[in-house]
Amino acid sequence: MKLMKNLGLSISAILILTLLAMGIAMNHSMTYLLTVIIPYAAFAVFLAGFVYRIVKWGSAPVPFRIPTTCGQGKSLPWIKTNPVENPSGFWGVIGRMALEIFLFRSLFRNTQVEIIGGRPVYGSAKWLWLFGLMFHWSLLIIVVRHLRFFIEPIVPWIAALSAADGFFEIGIPTLYLSDIALLTGLSFLFLRRVIVPQIRYISLFTDYFSLLLIIGIVSTGLLMRHFFPADLNAVKTLAMDWVTFSPVAPQGISAVFYIHLCFVFTLMAWFPASKLMHAGGIFLSPTRNLASNNRRQRHVNPWNAPVKVHTYEEYEDEFRDKMKAAGLPVEKE
Amino acid sequence: MSFDKIPKPDQLIQIQYAPPKTGWMETPVEFRPGTWSYSGTAKSLTALDLPNPRSWQPSDDDWKLPENWQAIILSGMKERLGKYRSFRLFMDVCVRCGACADKCHFYIGSGDPKNMPVLRAELLRSVYRRYFTKSGKLFGRLAGARDLTMDVLKEWFYYFYQCTECRRCSAFCPFGIDQAEITMMGRELLNLVGCNINWVTEPAANCFRTGNHLGIQPGGIKDILDFFADDIEERTGVRVDVPINKKGADILFVTPSGDYFADPGTYTCMGYMMLFHEIGLNYTFSTYASEGGNFGLFSSHEMIKRLNAKIYAEAKRLGVKWILGGECGHMWRVLNQYMDTMNGPADFLEEPVSPITGTRFENAKSTKMVHIVEFTADLIRNNKLKLDPSRNDAQRVTFHDSCNPARAMGLFEEPRYIINHVCNHFYEMAEDTIREKTLCCGGGAGLGNDENIEMRMRGGMPRAMAVKQVREKHGVNRLACICAIDRATLPPLMDYWVPGVTVSGVHELLANALVMKGEKERTTDLRGDPIGG
């Protein structure tokens, strides 16, 4: 039961947030807080927190160069190397990091073990990679699409991205492919966490909460677009007011919009304190972002401290007689 | 090696992957015989000036810790969070996606969820959150945080000495989180209050004093190497030199002491000596730096440096040009990723150039230390060796990539190149079990001791089963490797899971095939077994 407790608590937290947002929608002074004060506060917490975390990681030195090598290293000239999986220089590292960040290279390696016929069998298991990638890319597209609320006139490439995203023109207003992909990816990640016993076993409150929060944001977004249309002009006005630092609490935008906002601001404030910081952390991972050229180029440890060693003199002093008896040369007779 | 006290293979393979009903924070560790290693003795700890030397065992209720042990560990943790970006980052960025879970050989072989790398790391992360993050301080359990209690410490001991630092999980992690790095930190912290295992501390203490893990004194080393020379003469009719502590040698040769000490490593050592004789290499062994391996890697970064310092110091004293290193896994993790940083720069040495082929080893130009399989592959490539692979025809060979040369160097092709030139029958194991995805022998990182036998057989099971597959398919009877720990731990693993497969270093196979000047007709291989089977 303990295992379901984290899930239950996460669902409760989301419900409380929802109720809170609905309460806010009904109370004018609270909508003022949500639309005029909190946006700046949440954004400030997000930005400052993000920077703080990166600086904190960055300020810890990298004493040793410890890349995990996943391909043939650079050695003799006639041996074919794998410059990306085992980078020997700057461009290799860039390539490796790009593959990792944009295509989740390591996750693509994933296998699943089962004991079949008395031996472990390593089956292909690309689902996590596929849905993970789907989720992250569609999230990026959706965030970028939202820039249309914050920029006037809308720059052409954002408009083009939105048009491409809605290419199939299903329904009115057009259903965005990225919305479908995001929801599919999220559902997979969430269900996997709840259903697979091992994953449920390792899951913490934060794991469920992060997913549910984003699911909440996407659901309210979809509701506003397709079922309870929000007054887009009012939303745009509000967003532009934020950008120009002259926010005015809006009138008559649907309650769903307030729930949406409430979730988004929670996510922003929660982000730097949570595991979601993997978004920044991945750039700093020393097993991935260093070249495997240790023997070619010395890596310097800024805190390299002297240690107590056993010198040759001490060694010979202890064993001199035995060394001489064995006919081994000695420094001091 | 006796397997009497552990379940039979067909029972051991019945692995239950369903996690227990109780949450992991509520499931205390049970020190079951066969699954843990004896404590470090007071004598070894004293020899190394390590804290809290005493007589105790992990199965005892009272671990005889200093009164303020929590404070010691927490301040040690704080210090390391400030000194290692890896540690700080790996404490924070895990999303618990679980991709690493079934990549660990100990998890595959035991089904114990705390052997999933993610959970092994959470054992430490939960304490990190409790004392070093705001959310952990405020929300406790809800934020995945817990107090550092005696139960937690026991859990650390059990599971950080149930990780061989093989880095397989790290290859699969989307953020490159390296459990080896976390285990190393966990072990450093345990060491601060005197909780270590004897199979690590005793070799380290030996190495500090005598120059090698096995505690062999200078005369002993000379006797052993002379004995190898006798054996070589008996098999080949060629008398090889045994240069030891020789000033004026071009090259210092450093190999793990396991190669001097026990079969089948000894045959690999004979292989090196025959090769060096045949090409007329002006080299020397050293008794002071008679250990390539470094059990410091399994206790603390400081200990790595203390033990490793001998190699450069000896190279300087003997006035060699550069250093050549034998076949060993964790030894090369240290030589490749730590030595130059810790004890360099080796500006008193020359950039390594093969005196036989003239090849410049550009990849080792700063460290000045070349891996023997690079050196030998270059010799073969330049036709400097006369080889008769048919002498290994009795062997149907497969190759086990040792964890560290694989995932800390990327040394994949060189050993295969040699094997392909010295054997006629070479078969690769399944793709998911070799190269960067290679599986551990189950006894690395100091866990290859007798009392830990059940866990070794469990952890080595995935490797053994991959061997079993090629044995059934191709009749493989020889498992080649480039690691001294492998040569010690794989033979019992094979006896248990895949009887009939023997283990050898690559240079043993090379020496069998090596046609030496002035040799007599060879009727046996180095082991005295008839050639051709």
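Below is a short write-up of the structure. Computed from a predicted structure; not experimentally measured.

## What about the overall build of chain A?
1) Next: On a plain count of helices and strands, chain A comes out with 13 helices and two strands.
2) Next: When its C-alpha atoms are laid out on the principal axes, chain A stretches across 100 × 55 × 50 Å.
3) Next: The 333 residues of chain A split such that 33% are buried.
4) Next: A separation threshold of at least 6 residues defines the contact pool for chain A, and within that pool the share at least 24 residues apart is 65%.

## A short note on the packing of helix H11 (residues 198-210) of chain B against helix H15 (residues 301-318) of chain B
Residue and element names in this part refer to chain B.
1) Next: Running from N to C, H11 and H15 cross one another at 35 degrees; their axes reach a closest spacing of 9 Å. Judged by the sense of rotation from one axis to the other, the crossing of H11 with H15 is left-handed. Between H11 and H15, the residues in contact are Ala204, Cys207 and Phe208 and Met303, Arg306 and Leu307, respectively.
2) Next: Grouping the amino acids of the contact of H11 with H15 by side-chain chemistry returns five nonpolar, no polar and one charged.

## Points about the sheet that holds strand E3 (residues 322-325) of chain B
Residues and elements named next belong to chain B.
1) Next: If you walk across this open sheet you meet the four strands as E2-E1-E3-E4, and the pairing is parallel. Each edge of the open sheet carries a strand with a single partner, namely strand E2 (283-284) and strand E4 (369-371).
2) Next: By the bridge criterion, three bridges tie E3 to E4 in an arrangement that is parallel. For Gly325, the partnering residue across the bridge sits in E4 and is His371.
3) Next: Strands in contact with helix H18 (residues 372-381) are E3 and E4; relative to E4, the strand with the most contacts, it is inclined by about 70 degrees.

## Comments concerning the pairing of strand E6 (residues 478-481) of chain B
Residues and elements named next belong to chain B.
1) Next: With burial as the criterion, each face of E6 is covered, one bearing Arg478 and Ala480 and the other bearing Leu479 and Cys481.
2) Next: Two strands pair when backbone bridges link them, and strand E5 (residues 397-400) and E6 are joined in this way by four bridges, in the parallel orientation. Across the sheet, residue Thr398 finds its bridge partner in E6, namely Leu479.
3) Next: Both E6 and strand E7 (residues 502-505) contribute to a ladder of four bridges, which runs parallel. What sits directly across from Arg478, in E7, is Thr502.
4) Next: As for the winding sense of the linkage, the β-α-β connection from E6 through helix H22 (residues 484-497) to E7 is right-handed.

Definitions and limits used
- Residues numbered from 1 in each chain as written.
- Chains lettered and ligands numbered in written order.
- Predicted model: local features only at pLDDT ≥ 70, side-chain atom pairs only at ≥ 80, totals over all residues.
- Helix = DSSP H or I, 4+ residues; strand = E, 2+ residues; numbered from the N terminus.
- Buried ≥ 20, exposed ≤ 12 C-beta atoms within 10 Å, placed from the backbone.
- Contact = placed C-beta atoms within 7 Å.
- Axes fitted to C-alpha atoms, helices over the stretch in contact; angles between N-to-C directions.
- Left-handed = near helix turned anticlockwise from the far one by under 90°.
- Nonpolar A, V, L, I, M, F, W, Y, C, P; charged D, E, K, R; others polar.
- Pairing = 2+ DSSP bridges.
- Right-handed = clockwise from strand over helix to strand, strands pointing away.

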